[in-house]
Amino acid sequence: MSETRSARPNPNDEGIRLQKVLAKAGIASRRVSEELIELGRVTVDGEVVTEQGRRVDPETAVVHVDGVRVVLKDDVVTLVLNKPRGVLSTMHDDQHRPCVGDYLHERRERLFHVGRLDADTEGLLLLTNDGDLAHRLMHPSYEVPKTYIAEVQGPVAKDVGKRLRAGVELEDGFARVDSFKLVDSMPGKALVEVVLHEGRKHIVRRLLDHVGYPVASLVRTHIGEVQLGNQRPGSMRVLNRQEVGSLYKLVGL
């Protein structure tokens, strides 16, 4: 009596059609998504896909369009908070001081902050429930650039940028900036832009203090290509697809 063998499952019989997944993610209409697939501009788990019948599981598939990661999960969100001065970068404070968690009471997602800004520093703070993205953004090996605008006492000497780019020795080791430039100069004070990928505590303040320019105020304006723009203090916004994709690309996801 012959043994009945069960047919092997075809991966194309499971999941959701790729063009539908792309359309739902806001990449393009289904028709345009089909054209993107046909042109070889879409990859799934590192493989270029050109057939229209391909199905994927949005929960597990890693999809890129033109080399940019596409967020497929509906419940994954990344936001920018313009953290006001005086607000702690914590979700809860036992002493009832103002903290980041105060701004999230109406959000249904369980969000956490990506890194920290000290209480006296304001500006761009990422909030997300994407653990992989958050981990990589905070890991020093990915050298994620962060941009700050600092107000210092002016005028600023011409060699300050050169000294900071070359690096200085702080109490906890060597540190340097990726770039430095004078943004504006006014009687008695100046605004300078500092870009660096260091993540040590108070690193911008300590660097500027070391070269003789204590910081009066400090704002983080960018993380990678994501910028604060004209967001008012205390406001939040959801990152768009291009911004999230730029963060994924920055950390190799």
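Only a predicted model underlies this, so the values are computations on that prediction, with no experimental measurement involved.

Asker: If you had to explain the overall build of the chain to someone new, which residues and values would you point to?
Answerer: A count of helices and strands for the chain gives 6 helices and 17 strands. The C-alpha atoms of the chain give 23 Å as radius of gyration, which overshoots the globular expectation for 253 residues (18 Å, by more than 25%). The principal-axis extents of the C-alpha atoms in the chain amount to approximately 90 × 40 × 40 Å. Expressed as a percentage of its 253 residues, the buried residues of the chain come to 42%. Accessible area of the chain: about 14,600 Å², with a carbon and sulfur share of 47%. Computing the positive centroid from 37 side-chain charges and the negative centroid from 37, the chain places the two 2 Å apart.

Asker: Lay out the nonpolar core with the relevant residues and their values.
Answerer: In terms of nonpolar packing, the biggest core is built from 33 residues, with Val152, Val156, Leu164, Phe180, Val192, Leu207 and Leu208 touching the most fellow members. Looking at this core, the elements with two or more residues in it are strand 7 (78-83), strand 9 (121-128), strand 10 (146-153), helix 4 (160-166), strand 11 (168-170), strand 14 (189-196), helix 5 (203-210) and strand 15 (215-223). When sequence neighbours within four positions are dropped, the list of residues in contact with Leu207 reads Leu164, Val168, Leu170, Ala175, Val177 and Leu196. Counting residues in each nonpolar core, the second largest holds 17 residues, with Ala134, Val244, Val251 and Leu253 among its members.

Asker: Describe the UniProt feature "domain: RNA-binding S4" (unreviewed entry) in the chain, naming the residues involved and giving the relevant values.
Answerer: Mapped onto the present numbering, the UniProt feature "domain: RNA-binding S4" (unreviewed entry) falls at residues 16-77. Secondary structure over residues 16-77 splits into 26% helix and 23% strand, and the C-alpha atoms at its two ends are 21 Å apart.

Asker: Give a detailed account of the packing of aromatic side chains, specifying residues and quantitative values.
Answerer: Going through the model one piece at a time under the given rule, you end up with 0 aromatic pairs. Over the ring of Tyr248 we find Arg69, and its NZ or CZ is 4.7 Å from the ring centre.

Asker: Please give an account of the pattern of salt bridges that cites residues and values.
Answerer: Taken as a whole and assessed by the stated rule, the structure comprises 10 salt bridges. The shortest N-O distance in the salt bridge between Asp66 and Arg41 comes to 2.7 Å. Note that Asp66 is positioned in the loop between strand 5 (63-65) and strand 6 (68-69) and Arg41 in the loop between helix 2 (30-38) and strand 2 (42-44), a separation of 25 residues in sequence. Residue Asp93 is joined to Arg97 by a salt bridge in which the shortest nitrogen-to-oxygen separation is 2.9 Å. We classify Arg97 as partly exposed; its relative accessible area is 39%. Salt bridges here are not isolated pairs; linked through shared partners, they connect Glu171, Asp172, Glu198, Arg200 and Arg206.

Asker: Mind laying out the pairing of strand 13 (residues 179-186), listing which residues take part and the relevant values?
Answerer: Every regular strand shows the same layout, with side chains that alternate between the two sheet faces. As paired strands, strand 13 and strand 14 are joined by 7 bridges and run antiparallel to one another. Each bridged residue has a counterpart across the sheet, and for Asp184 the counterpart in strand 14 is Leu191. Adjacent in sequence and paired antiparallel, strand 13 and strand 14 are bridged by 2 residues, among which Gly188 carries a positive phi angle near 85°.

Asker: With reference to specific residues and values, describe the sheet that holds strand 2.
Answerer: Reading across from one edge, 3-2-5-6 is the order of the 4 strands in this open sheet, with antiparallel pairing throughout. The strands lining the two open edges of the sheet, one partner per strand, are strand 3 (47-48) and strand 6.

Asker: Describe helix 2, with residues and values.
Answerer: Burial in helix 2 covers these residues: Ser33, Leu36 and Ile37. Taken down its axis, helix 2 places every buried residue within 100° of arc, on the same side. Within helix 2, the exposed residues directed more than 90 degrees away from the buried face are Arg31 and Glu38. After helix 2 finishes, the residue Gly40 shows a positive phi value of roughly 75°.

Asker: A description of unusual backbone geometry should follow, citing residues and the corresponding values.
Answerer: The omega angle of the peptide bond from Gly154 to Pro155 is 0°, so this bond is cis rather than trans. Here Pro155 lies in the loop between strand 10 and helix 4. Located in the positive-phi region is Asp45, a residue other than glycine, with phi close to 50°. Within the element layout of this structure, Asp45 appears in the loop between strand 2 and strand 3.

Asker: Quick rundown of helix 5? Include the residues and the values.
Answerer: With 6 of 8 residues buried, helix 5 lies mostly within the body of the structure. Among the residues of helix 5, those classed as buried are Ile203, Val204, Arg205, Arg206, Leu207 and Leu208.

Asker: Report on the environment of Val100, specifying residues and quantitative values.
Answerer: With respect to the element layout, Val100 can be found in the loop between strand 7 and strand 8 (112-113). On the accessibility criterion, Val100 (0% relative accessible area) is buried. Along the chain, Val100 and Leu88 lie 12 residues apart, while their C-alpha atoms are 6.2 Å from each other. When neighbours within four sequence positions are excluded, Val100 is seen to be in contact with Leu81, Lys83, Val87, Leu88, Ser89, Thr90, Met91, Leu125 and Leu127.

What counts as what
Residues numbered from 1 in each chain as written. Predicted model: local features only at pLDDT ≥ 70, side-chain atom pairs only at ≥ 80, totals over all residues. Heavy atoms only, no water. Helix = DSSP H or I, 4+ residues; strand = E, 2+ residues; numbered from the N terminus. Rg over C-alpha atoms; globule rule 2.2 N^0.38 Å. Buried < 20%, exposed > 50% of the residue type's maximum accessible area, 1.4 Å probe, protein only. Areas by Shrake-Rupley, 256 points an atom, 1.4 Å probe, with all protein chains shown as cover. Lys, Arg positive; Asp, Glu negative; His and termini not counted. Charge placed at Lys NZ, Arg CZ, Asp CG, Glu CD. Core = buried A, V, L, I, M, F, W, Y, C linked by side-chain atoms within 4.5 Å. Contact = heavy atoms within 4.5 Å. UniProt positions renumbered as here; feature names shortened; annotations may be inferred. Phe/Tyr/Trp six-rings, centres within 6.5 Å; stacked < 30°, edge-to-face > 60°. Lys NZ or Arg CZ within 6 Å of the ring centre and 35° of its normal. Salt bridge = Lys/Arg side-chain N within 4 Å of Asp/Glu carboxyl O. Pairing = 2+ DSSP bridges. Arc of directions from axis to C-beta.

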